[in-house]
Amino acid sequence: MTARGPAEPQGAVAIWVSIPDDIRNEFERWHNVEHTADRVGLPGYWLGRRWRALPVSLAGELAAPTDYLALYEVDDAEVLRQADYLEQLNEPTAWTRRMLAPTFDVERAIYELVMSHGEEPELDAPYLLAVRVNPPPGPDGDAELLDWYREEHLPRLGAVDGTLRGRVFRRVDAISDIPTTEKDIQRTRVTGQRFLALYELADPGEPHSEAWRVASAGTARSAAFRERLRDVGRELYSLQFARHAAWRVRRRRP
């Protein structure tokens with residue numbers, strides 16, 4: 001089969017959302033049956049996943065502020081301002097309108113991939129650690145943050161047993177800020193942190209382990225730099241649903 005697009009997705013849209021308990025079953029059915037099918041069927045889409053926040057008893061200080069994280073990966077961020085995508089956001093179905101209206105605490109952002117460590121797992125990873133962060137203040141804050149991730153933080157965490165892949169994304173403001181009908185219905189705000197690090201994990205206990213602590217903060221550079229980060233949010237999720245684009249499913253078949 002002829003290769004298409006980049007070797008890995010270069011763009012993503014992330015949506016953090018909570019829902020009332022009384023619509024949870026229908027919300028998940030709508031998201032499985034209609035919403036991800038509509039999105040992942042668009043040109044440039046690779047996959048969509050819905051992650052459910054782990055209970056506090058498992059997540060501890062990594063507990064997520066919302067019920068779900070929906071994550072869609074695409075060729076690049078420009079896919080997310082194309083007409084066919086914006087048409088879906090501005091002309092939602094009746095079922096979509098009904099499911100979005102009761103949601104709350106909704107945050108959303110469009111991202112570009114800036115670095116990755118490790119290969120995509122052959123099977124969808126069962127757990128995800130999401131870290132939202134702003135860099136240290138000052139004109140060199142972004143560059144310092146990315147140098148630290150590239151030179152030390154991402155490789156060290158990627159070497160911990162059970163870390164399947166680590167990636168760092170940067171928010172694309174010009175696309176994140178585009179107004180749409182769906183955003184109005186959900187009263188969506190753009191998440192305040194510019195960077196998002198995603199770690200696909202085999203075990204939800206890994207971020208609580210001594211090996212992770214040492215990898216994360218066990219050098220003088222990392223210990224000092226972590227103190228300078230701003231607005232840090234660390235959230236732990238389990239995979240609840242995944243849909244891959246049809247072209248990827250065909251390619252993966254033996």
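Figured I'd write up the structure that's included with this text. Bear in mind that the values here come from a model prediction, so they are computed numbers and not experimental data.

**Examining the packing of aromatic side chains**
Going through the model one piece at a time under the given rule, you end up with nine aromatic pairs. Ring centres of Tyr-45 and Tyr-72 lie 6.2 Å apart, and the angle between their planes is 70°; this geometry places the pair in the edge-to-face category. In this pair, Tyr-45 sits in strand β2 (residues 45-53) while Tyr-72 sits in strand β3 (residues 68-74), placing the two residues 27 residues apart along the sequence. Here Tyr-72 falls in the buried class, since its relative accessible area comes to 2%.

**Some details on the nonpolar core**
Counting residues in each nonpolar core, the largest one holds 32 residues, and the members touching the most others are Val-13, Phe-27, Tyr-45, Tyr-72, Leu-80 and Tyr-85. Those elements that provide at least two residues to this core are β1 (11-18), α1 (24-40), β2, β3, α3 (83-90), α4 (94-100) and β4 (104-117). For this core, the element with the highest residue contribution is β3, accounting for four residues. Dropping the residues within four chain positions of it, Tyr-72 is found in contact with Gly-11, Ala-12, Val-13, Ile-15, His-31, His-35, Thr-36, Arg-39, Val-40, Tyr-45, Leu-47 and Gly-48. Counting 24 residues, the second largest nonpolar core, distinct from the first, contains Val-131, Val-168, Ala-215 and Leu-229.

**As for the pairing of β2**
Counting buried residues in β2 gives eight out of nine residues, a clear majority hidden from the surface. As judged from the seven bridges shared by β2 and β3, these two strands associate in the antiparallel manner. Opposite Arg-49, over in β3, you have Leu-71 as the bridge partner. In the sheet, β2 pairs with strand β9 (residues 230-244) via seven bridges, with the strands oriented antiparallel. What sits directly across from Arg-49, in β9, is Ala-242.

**Quick look at the pattern of salt bridges**
Pairing between side chains of opposite charge can happen when the charged atoms of each approach one another. This model, assessed by the stated rule, comprises 23 salt bridges. A salt bridge links Glu-78 to Arg-81, with the nearest nitrogen and oxygen atoms 2.9 Å apart. Residue classification places Arg-81 among the partly exposed positions, given a relative accessible area of 35%. Note that Glu-112 and Arg-170 form a salt bridge whose closest N and O atoms lie 3.0 Å from each other. Remark: Arg-170 occurs in strand β6 (residues 163-171) and Glu-112 occurs in strand β4; sequence separation between them is 58 residues. According to the relative accessible area criterion, Arg-170 is partly exposed, its value standing at 25%. Linked by salt bridges that have partners in common, Glu-8, Arg-49, Glu-73, Asp-124, Arg-165, Arg-167 and Glu-200 make up one network.

**Comments concerning empty space enclosed by the protein**
This structure, assessed with the given rule, holds two cavities of 30 Å³ or more. Roughly 250 Å³ of internal volume is contained in the largest cavity. Lining the largest cavity are 23 residues, and of these Ile-15, His-35, Leu-100, Glu-182 and Gln-186 sit closest to its centre. Contributions of two or more residues to the lining of the largest cavity are made by β1, α1, β2, β3, α3, β4 and α7 (181-186). The greatest single-element share of the lining of the largest cavity, amounting to five residues, is contributed by α1. Grouping the constituent residues of the lining of the largest cavity by class yields 13 nonpolar, five polar and five charged. Of the pockets and cavities examined, the second largest cavity occupies roughly 30 Å³. Forming the boundary of the second largest cavity are Leu-80, Tyr-85, Leu-86, Arg-108, Ile-110, Ile-175, Ile-178, Thr-180 and Lys-183. Its residues assigned to classes, the lining of the second largest cavity shows six nonpolar, one polar and two charged.

**A few points about the layout of surface pockets**
Size it by volume and the largest pocket reaches roughly 300 Å³. Lining the largest pocket we find 20 residues, and of these Leu-62, Trp-212, Ser-216, Arg-226 and Arg-234 sit closest to its centre. Those elements giving two or more residues to the lining of the largest pocket turn out to be β5 (127-134), α5 (141-158) and α8 (210-217). For the lining of the largest pocket, a count of residues per class yields 12 nonpolar, four polar and four charged. Every residue lining the second largest pocket is counted, 13 residues in all, and those nearest its centre are Ala-7, Glu-8, Glu-119, Glu-120 and Arg-165. Residue contributions to the lining of the second largest pocket peak at three residues, all from β2. For the lining of the second largest pocket, the per-class residue count stands at four nonpolar, two polar and seven charged.

Parameters at a glance
Residues numbered from 1 in each chain as written. Predicted model: local features only at pLDDT ≥ 70, side-chain atom pairs only at ≥ 80, totals over all residues. Heavy atoms only, no water. Phe/Tyr/Trp six-rings, centres within 6.5 Å; stacked < 30°, edge-to-face > 60°. Helix = DSSP H or I, 4+ residues; strand = E, 2+ residues; numbered from the N terminus. Buried < 20%, exposed > 50% of the residue type's maximum accessible area, 1.4 Å probe, protein only. Core = buried A, V, L, I, M, F, W, Y, C linked by side-chain atoms within 4.5 Å. Contact = heavy atoms within 4.5 Å. Pairing = 2+ DSSP bridges. Salt bridge = Lys/Arg side-chain N within 4 Å of Asp/Glu carboxyl O. 1 Å grid on protein atoms, 1.4 Å probe; cavity = no way out; pocket = protein on both sides within 12 Å on 5 of 7 lines; lining within 4 Å. Points joined across faces, edges and corners; volume = space filled by probe spheres on them. Nonpolar A, V, L, I, M, F, W, Y, C, P; charged D, E, K, R; others polar.

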